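# Tertiary structure, described
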Amino acid sequence: MPDRSMAQSLSAAIGLLFLILAGAVIPSRALISLSNITSLIYDAKEINYGHHTLLDSYDFIIVGAGPAGCVLANRLTEDPAVSVLLLEIGKGEIPLFTDSPLVGPILAATDYNFGYETEKQRYGCLGLRGGRCSWAHGRGVGGSSIINNVIYTRGNRRDYDSWARAGNEGWSWNDVLPLFKRIETANIRDFGDNGFHGTRGRLSVEDCPFRSDIARAFVKSAESAGYRYLDYNAGDNLGVSFLQAHTRNGRRATGGNSYLRDIVDRPNLHIVTRAWVTKILIDPDTKTATGVRLLHNRQYHEVDAEREVILSAGAFESPKLLMLSGIGPAKHLREHGIKLVSDLPVGRKVYEHGGVFGPIFIVREPSDNLVSFEQLANAGEFLRFRNGSGPLTTNSVESLLYVKSPFAEDPDPDYPDVEVMQAFTSFSFDTTPGSRSAYYLTDRMYNEYFRPLANTRNFMFLPMLLKPRAVGRVELKSSNPFNHPMFRYQYFEDERDVDALVYAIKEVIRISTKAPLRRFGVELYTRKVPGCQYMAFNTIDYWRCHVRHLTATFQHQVATCKMGPPQDPEAVVDSRLRVYGIKGLRVADVGIIPEAPTGHTCAHSFLIGEKAADLIKEDHRLH
């Protein structure tokens with residue numbers, strides 16, 4: 001877990017963004033108004049999702065208010081005859097502090113994050129704190145959409161067609177595209193009218209209001225290097241484009257504020273926060289899920305589900321809860337003294353998108369002077385953000401490049417295996433401990449590699465492996481429901497995973513030599529990463545070392561409750577997301593994704609919520 005003394009770091013960083021509240025920056029009367037002040041006071045409060053008294057029973061109990069859970073709660077309660085209980089272990093968003101995408105890493109140092117971390121690594125994360133990487137996992141109404149990087153990518157059409165070919169009926173690209181369109185209200189400048197985007201959905205997906213000249217030059221340079229400018233959310237993504245983000249006028253759009261905030265008064269919906277579900281109640285004779293046991297306000301409660309229990313607690317908490325309830329690998333459950341209800345391969349697989357921080361480029365002839373977070377700590381920037389413009393509307397990532405490396409397993413030439421994110425800055429921009437803590441940077445790594453860039457205009461690339469060969473497991477630490485799960489996962493056990501990232505690094509270095517970027521005097525940062533000082537810079541071996549020491553994690557863990565047909569020995573749920581062998585129990589979160597997708601998983605979570613809602617309505621003939 002990130003050091004809870006990081007509360008001081010959070011306060012410092014929030015202070016930089018919101019000095020206006022502390023009175024350290026007094027705006028002119030022209031900038032502030034009574035309506036602005038009223039709005040600030042309103043947004044400084046936790047969103048109220050209701051204070052409901054638990055009933056004895058509901059038709060549906062949804063465990064977890066991540067994006068999928070929020071969608072389900074909304075869609076199922078469209079039928080006024082249906083009662084739904086949504087249980088969330090965390091709290092609601094505090095918009096004043098959670099709305100800016102730029103503070104996402106800082107929020108990872110708060111209790112909006114479970115604070116998971118990997119086991120000690122042998123081949124990656126070598127230059128990070130304790131030789132481990134952070135596996136941030138959101139908790140709160142909105143789940144990881146509260147703390148993520150607001151990057152909205154659906155992935156490649158080939159992902160979904162592969163799921164369907166494996167026996168998951170109804171999950172092909174043609175099946176899910178209408179759902180993706182249903183989700184969105186899109187505001188995409190160059191591609192909004194291409195037929196692949198929605199205009200009346202609940203989730204705002206838009207071009208980031210802020211876009212630096214570096215981003216424009218990078219996209220143009222990538223085109224000059226042979227990459228196609230395309231809409232990577234239209235099914236094919238080998239190419240380059242500007243970022244599409246789940247934001248609304250630059251403010252973070254979460255599962256909570258998009259799907260729940262305006263329906264909290266529905267009488268058939270009870271949302272209960274700070275509720276820790278400890279067990280699924282299962283009738284051992286009929287093998288039917290009958291409800292849940294939970295801890296709320298220091299009291300245990302048992303609540304019945306008349307129709308279904310739906311787990312939307314995420315790729316870690318859903319398998320943990322299944323295993324605590326007796327559903328999982330028989331041998332593993334016996335080791336923890338848990339009575340077996342159903343022997344299923346829960347947690348036996350987990351994939352993650354590993355990556356790397358870097359390379360970094362110095363801008364010798366910049367068109368702006370964005371060099372530090374402190375520059376944004378003034379009333380003018382704050383009000384620009386509130387009005388939907390300025391750097392606070394971005395998470396720092398501005399454009400995406402999809403690359404096909406020679407090390408990809410799939411022979412399809414149009415199926416990329418690496419995504420490269422272009423950020424307008426690097427960690428030198430954040431002088432608070434916030435980002436350092438979020439990404440487990442050691443003091444040595446920061447001081448020797450990033451601090452020398454202070455007050456220098458620079459930007460960074462973040463290559464991310466889309467199709468890793470590494471696969472791990474999620475297990476119970478004990479039968480105590482309040483213990484974190486254990487992770488058996490090692491980055492870069494296969495050298496080809498490293499080589500694919502190195503190929504992408506060399507590609508962006510090649511792209512940097514093209515004219516649009518050269519006009520800004522872009523220059524590769526040549527300081528060596530600590531741990532790689534004795535290797536010749538810019539060689540293949542140096543970049544391999546860089547990858548292993550400055551490893552990036554992107555919190556895209558999947559497959560812990562894998563979806564698959566009955567004949568698949570690794571499957572936990574069927575294509576309708578029903579847990580095998582247990583009636584009245586489904587899993588609806590990114591843990592059901594069968595294999596590592598070619599996209600960030602937040603979009604998938606919204607999709608899974610919409611898909612699950614349709615399946616449940618069909619099965620129960622809901623209106």
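Not measured: the values here are computed from a predicted model.

The rules we used
Residues numbered from 1 in each chain as written. Predicted model: local features only at pLDDT ≥ 70, side-chain atom pairs only at ≥ 80, totals over all residues. Heavy atoms only, no water. Axes fitted to C-alpha atoms, helices over the stretch in contact; angles between N-to-C directions. Helix = DSSP H or I, 4+ residues; strand = E, 2+ residues; numbered from the N terminus. Parallel < 35°, antiparallel > 145°, perpendicular 65-115°, else oblique. Contact = heavy atoms within 4.5 Å. Nonpolar A, V, L, I, M, F, W, Y, C, P; charged D, E, K, R; others polar. 1 Å grid on protein atoms, 1.4 Å probe; cavity = no way out; pocket = protein on both sides within 12 Å on 5 of 7 lines; lining within 4 Å. Points joined across faces, edges and corners; volume = space filled by probe spheres on them. Phe/Tyr/Trp six-rings, centres within 6.5 Å; stacked < 30°, edge-to-face > 60°. Buried < 20%, exposed > 50% of the residue type's maximum accessible area, 1.4 Å probe, protein only. Lys NZ or Arg CZ within 6 Å of the ring centre and 35° of its normal. Expected span 1.5 Å × (residues − 1). Pairing = 2+ DSSP bridges. Core = buried A, V, L, I, M, F, W, Y, C linked by side-chain atoms within 4.5 Å. Polar contact = N/O pair within 3.5 Å; in protein donor to acceptor, adjacent residues only side chain to side chain. pLDDT = per-residue confidence, 0-100. Disulfide = S-S within 2.5 Å.

Another point: the packing of helix H8 (residues 173-183) against helix H19 (residues 601-620). Here H8 crosses H19 at 105 degrees, and the two axes come no closer than 9 Å. Judged by the inter-axis angle, H8 sits roughly perpendicular to H19. Listed contacts from H19 to Val176, Leu179, Phe180, Arg182 and Ile183 of H8 are Ala603, Phe606, Leu607, Glu610, Lys611 and Asp614. Grouping the amino acids of the contact of H8 with H19 by side-chain chemistry returns seven nonpolar, no polar and four charged.

Moving on, we get to empty space enclosed by the protein. In total, this model carries four cavities of 30 Å³ or more according to the counting rule given. Considered as a void within the structure, the second largest cavity measures approximately 60 Å³ in volume. Lining of the second largest cavity is provided by Ile188, Arg189, Asp190, Phe191, Asp207, Arg211, Tyr229, Ser241, Phe242 and Gln244. The residue makeup of the lining of the second largest cavity, split by class, is four nonpolar, two polar and four charged.

This part is about the packing of aromatic side chains. As enumerated under the stated definition, the model contains 35 aromatic pairs in all. A centroid spacing of 5.5 Å and a plane angle of 75 degrees characterise the contact between Phe459 and Phe461, whose relative ring orientation is edge-to-face. Considered together, Phe459 and Phe461 belong to a single accessibility category, that of buried residues. By the ring-pair criterion, three or more aromatic residues cluster together here, those being Phe114, Tyr116, Trp135, Phe316, Phe487, Tyr489, Tyr491 and Phe492. The ring of Trp171 has Lys611 lying over it, and the distance from NZ or CZ to the ring centre is 5.5 Å.

Moving on to helix H16 (residues 495-511). Given a rise of 1.5 Å per residue, 17 residues ought to cover 24 Å, and the 25 Å separating the end C-alpha atoms of H16 matches this to within 8%. Where burial is concerned, most of H16 is hidden: 12 out of the 17 residues are buried. Within H16 the residues assigned to the buried category are Asp497, Val498, Asp499, Ala500, Leu501, Val502, Ala504, Ile505, Glu507, Val508, Ile509 and Ile511.

Before going further, it helps to examine the packing of helix H7 (residues 157-165) against H8. Put simply, H7 and H8 touch, their axes get as near as 8 Å, and they point 125 degrees apart. On the basis of their axis angle, the class for H7 and H8 is oblique. Contacts between H7 and H8 pair Arg157, Tyr160 and Asp161 from the former with Trp173, Val176 and Phe180 from the latter. In the contact of H7 with H8, the residues fall into four nonpolar, no polar and two charged.

It is worth spelling out the sheet that holds strand E8 (residues 244-245) at this point. Strand order in this open sheet of three strands is E5-E6-E8, and the pairing throughout is mixed. Pairing within the sheet leaves two strands with one partner each, and these edge strands are strand E5 (184-187) and E8. Here strand E6 (residues 203-207) pairs with E8 via two bridges, running antiparallel. Residue pairing in the sheet places Asp207 in a bridge with Gln244 of E8.

Moving on, we get to the nonpolar core. Counting 96 residues, the largest nonpolar core has Leu260, Leu322, Leu577 and Leu585 as the members making the most contacts within it. Counting 88 residues, the second largest nonpolar core, distinct from the first, contains Cys125, Val363, Tyr491 and Trp543.

With that settled, consider the side chain of Gln121. Tracing the backbone shows Gln121 in the loop between strand E3 (116-117) and strand E4 (134-135). One polar contact links the side chain of Gln121 to the main-chain carbonyl oxygen of Tyr489, over a distance of 2.8 Å. Only 2.7 Å separates the side chain of Gln121 from the backbone nitrogen of Tyr491, close enough to count as a polar contact. Beyond its immediate stretch of four places on either side in the chain, Gln121 contacts Leu126, Gly131, Tyr489, Gln490 and Tyr491.

Here the focus is the environment of Val264. In this structure, Val264 sits in the loop between helix H10 (255-259) and strand E11 (269-272). Along the backbone, Val264 and Pro80 are 184 residues apart, and their C-alpha atoms lie at a distance of 13 Å. When sequence neighbours within four positions are dropped, the list of residues in contact with Val264 reads Asn48, Tyr49, His52 and Ile271.

What follows deals with the pairing of E6. By the criterion of burial, E6 is predominantly enclosed, with five of the five residues buried. Relative to E6, E5 runs parallel, the two sharing four bridges. Paired with Ala186 across the strands is Val205, a residue of E6.

Approximately 460 Å³ is the volume found for the largest pocket. Taken together, 27 residues line the largest pocket, and the ones lying closest to its centre are Ser162, Tyr415, Lys467, Glu595 and Ala596. By residue class, the composition of the lining of the largest pocket is 11 nonpolar, three polar and 13 charged.

Across the protein chain, the average pLDDT comes to 91, with 93% of residues at or above 70. In the model, residues 1-31 has pLDDT below 50 throughout and makes 61 contacts with residues more than four positions away in sequence or in other chains.

To continue, consider the state of the cysteines. For the structure shown, the criterion picks out two disulfides. Covalently, Cys532 is tied to Cys545 through a disulfide, its sulfur atoms 2.0 Å apart. An S-S torsion of about -90 degrees defines the bridge between Cys532 and Cys545 as left-handed. Of the two residues, Cys532 is situated in the loop between strand E24 (522-524) and helix H18 (540-549) and Cys545 in helix H18; the sequence distance between them amounts to 13 residues. Judged by its relative accessible area of 0%, Cys532 falls in the buried class. In the protein chain, the cysteines engaged in disulfides, taken in order along the sequence, are linked 1-2, 3-4. Cysteine Cys561 shares no disulfide, and the gap to the nearest cysteine sulfur, in Cys602, comes to 19 Å. Judged by its relative accessible area of 0%, Cys561 is buried. Looking at the unpaired Cys602, the closest cysteine sulfur is the one in Cys70, lying at 10 Å. The exposure class of Cys602 is buried, given its relative accessible area of 9%.

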